[in-house]
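Summary of the model geometry
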Amino acid sequence: MANVTSKSGISTKAIHAGQHPDPTTGAVMTPIYQTSTYAQESLGNHKGFEYARTHNATRAALEGNLAGLEGAKYGLSFGSGLAATNALIQTLSTGDHVVCGQNTYGGTYRLFDKVWKRHGLDFTFVDATSVDAIAAACKPNTKMIFVETPTNPLMQLTDIAAVVKVAKPKGIRVVVDNTFMTPYFQRPLELGADVAFHSVTKYLNGHSDMIGGALLTSDDALHEQLRFLQNAAGAVPGPMDCFLCLRGTKTLAVRMQRHDENARELAAILEKHKAVTRVFYPGLASHPQHELAKRQASGFGGMISFIPGDGSLEAGRKVFNRFQLFTRAESLGGVESLVCHPASMTHASVPREHRLSMGFEDGLLRLSVGIEDVADLRADLEQALGGL
Ligand SMILES: *Cc1c(COP(=O)(O)O)cnc(C)c1O
């Protein structure tokens, strides 16, 4: 592609990678190829497109775009983040072992523990802030290490390069869930990981109007296997959703800058606030892994968790219910600010004892800081906390 190379800056890649004017009309924006099938001129003579589960040009543009952003040779997109994780796990066989962070996204845990365990895969969930714990969990049949950094909602980090050092000599693949940071701030493949995973539902789309997932890799054999599974198992995204995500990634750079800027300001306010006991944000010097956050990523992102008052459910409820500009909702990464009560929403299936042992109190609240005027967000946060 002439308009963008691997050396182009990430804002340029966000707008141009994987995309070129439509060959039929010159349309600058990638058309939504809303078709299931393609006409063949004569027997065996077609344009390389036969059936849309296998080939869709809107999807291909998105895949090229996401691969460009992560610095990957290949990209594949799926109907949801979990559909992408599912395809990844389908590369393994009965008896294979996976090491996974214990504070990983609840749906990832559920897929591994409730579905794939039943099919004869073996999982060990470890404290992934400790590379030693990851190394100790590896067995002769370990084929994959799956880490999410930072985690949700405790914002714990895993040292990606250090995990790669443990995994490479053993021939174990490293997969990083890069949903929270996005390639704008963190590029796992450059740190040696084999696969960058995304729930593109979040920041990559950025507008809370579709569900999707992606796997980005530069490993030829793995990509072939994943591409086969994308078609064979069929969890492909629709062209309209691909279009929406492409529209979203164009502004990834400016959105992430603003999410980060706004979140840094709100995290600093929360840290000083007398109604707040604890703040979890990698950008704060008080975060136990702040140095790693600075080394591994070029920003801290828009996600903040905090413990209001005494950490009780009552304290959490009071503050949660008072928000006016922040919308009370699950999910994250859109332009609008959201507030979530993980214990009753996203993490309701995590046993209370397990939550408490990680410092995840009943009243903990999580903010997905949007790109509104920070003065308005600040005023809403302060009035919500004023209720305590
Ligand atoms: C949302 C999310 C997922 C799952 O993605 P879906 O698109 O909801 O299937 C996985 N990992 C993280 C970190 C997420 O936030």
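Cut-offs and rules
- Residues numbered from 1 in each chain as written.
- Predicted model: local features only at pLDDT ≥ 70, side-chain atom pairs only at ≥ 80, totals over all residues.
- Heavy atoms only, no water.
- Pairing = 2+ DSSP bridges.
- Helix = DSSP H or I, 4+ residues; strand = E, 2+ residues; numbered from the N terminus.
- Axes fitted to C-alpha atoms, helices over the stretch in contact; angles between N-to-C directions.
- Contact = heavy atoms within 4.5 Å.
- Domains from an automatic or database assignment.
- Buried area = accessible area lost by both parts, 1.4 Å probe.
- Salt bridge = Lys/Arg side-chain N within 4 Å of Asp/Glu carboxyl O.
- Polar contact = N/O pair within 3.5 Å; in protein donor to acceptor, adjacent residues only side chain to side chain.
- Nonpolar A, V, L, I, M, F, W, Y, C, P; charged D, E, K, R; others polar.
- Near = heavy atom within 4 Å.
- Areas by Shrake-Rupley, 256 points an atom, 1.4 Å probe, with all protein chains shown as cover.
- 1 Å grid on protein atoms, 1.4 Å probe; cavity = no way out; pocket = protein on both sides within 12 Å on 5 of 7 lines; lining within 4 Å.
- Points joined across faces, edges and corners; volume = space filled by probe spheres on them.
- Buried < 20%, exposed > 50% of the residue type's maximum accessible area, 1.4 Å probe, protein only.

An order of β1-β7-β6-β5-β4-β2-β3 is seen for the 7 strands of this open sheet, with the pairing classed as mixed. Each edge of the open sheet is held by one strand with a lone partner, namely β1 (74–78) and β3 (122–126). Between one strand and the next, the sheet's axes are offset by a mean angle of 20°, whatever the strand orientation. Pairing of strand β6 (residues 195–199) with strand β7 (residues 213–217), which is carried by 5 bridges, proceeds in the antiparallel orientation. Note that in β7 the partner of A196 across the bridge is L216. Contacting β1, β6 and β7, helix α2 (residues 57–70) crosses the sheet at an angle of about 125° to β1.

Let us now look at the domain arrangement of the chain. For the chain, the assigned domains are domain 1 (10–249) and domain 2 (252–385). The straight-line distance from the C-alpha centre of domain 1 to that of domain 2 is 26 Å. Between domain 1 and domain 2, the buried area comes to about 3,000 Å², and carbon and sulfur atoms account for 61% of it. If you look at where domain 1 meets domain 2, you find 1 salt bridge. Of the charged contacts, one joins D159 and R295 as a salt bridge, the two residues approaching to 3.1 Å between their closest N and O atoms. Counting every contact that joins domain 1 to domain 2 gives 16 residue pairs in polar contact (both at pLDDT 80 or more). Counting residues per element, the ones that place at least two in the side of domain 1 that touches domain 2 are α6 (160–167), α7 (182–185) and α9 (239–249). Ranked by residues supplied to the side of domain 1 that touches domain 2, first place goes to α7 with 3 residues. Residues belonging to the side of domain 1 that touches domain 2 are distributed by class as follows: 15 nonpolar, 17 polar and 2 charged.

The environment of the ligand is made up of S80, G81, L82, Y105, E148, D177, T179, F197, S199, T201, K202 and G212. Here L82 contributes a backbone N or O atom positioned 2.9 Å from an oxygen atom of the ligand. Within the side chain of S199, a nitrogen or oxygen atom sits 2.8 Å from an oxygen atom of the ligand. Burial of the ligand by the protein amounts to 93% of the accessible area it has alone, namely 380 Å².

A few words now on the layout of surface pockets. Its volume calculated, the largest pocket comes out at about 880 Å³. For the largest pocket, the lining is made up of 45 residues, of which Y105, G106, G107, T108 and T346 are closest to its centre. When contributions to the lining of the largest pocket are tallied by element, the ones reaching two or more residues are α3 (81–89), α4 (106–116) and β6. Per-element accounting of the lining of the largest pocket gives the leading share, 7 residues, to α4. Broken down by class, the residue content of the lining of the largest pocket amounts to 17 nonpolar, 19 polar and 9 charged. No fewer than three residues from each of domain 1 (10–249) and domain 2 (252–385) sit in the lining of the largest pocket. Quantified by volume, the second largest pocket comes out at close to 320 Å³. Taken together, 13 residues form the lining of the second largest pocket, with T24, Y33, Y38, K47 and F49 sitting closest to its centre. The residue inventory of the lining of the second largest pocket, partitioned by class, reads 6 nonpolar, 4 polar and 3 charged.

For the structure shown, the criterion picks out 18 salt bridges. A salt bridge links R59 to E63; the shortest N-O distance between them is 3.6 Å. Of this pair, R59 and E63 both sit in helix α2, 4 residues apart, which is roughly one turn of that helix. Of the two residues, R59 and E63, neither departs from the other in class, the shared state being buried. Between K294 and E291 there is a salt bridge; the shortest N-O distance is 3.5 Å. Here E291 and K294 lie together in helix α11 (residues 290–296), a separation of 3 residues that amounts to about one turn.

Attention shifts here to the side chain of N205. With respect to the helices and strands, N205 occurs in the loop between β6 and β7. Taking the relative accessible area as the measure of exposure, N205 reaches 0% and is therefore buried. Side-chain polar atoms of N205 contact the backbone nitrogen of S208, separated by 3.2 Å. In this structure the side chain of N205 is engaged in a polar contact, spanning 3.0 Å, whose partner is the side chain of D209. N205 has contacts with V200, M210, L244, C245, G248 and R255, leaving out every residue within four places of it along the chain.

This next bit is on the side chain of H97. Mapped onto the fold, H97 is located in strand β2 (residues 97–101). H97 sits in the buried class, given a relative accessible area of 0%. Of the polar contacts made by the side chain of H97, one reaches the side chain of T142; its length is 2.7 Å. Sequence-distant contacts of H97, defined by excluding residues within four places in its chain, comprise D122, F123, T124, A137, K139, N141, T142, K143 and M144.

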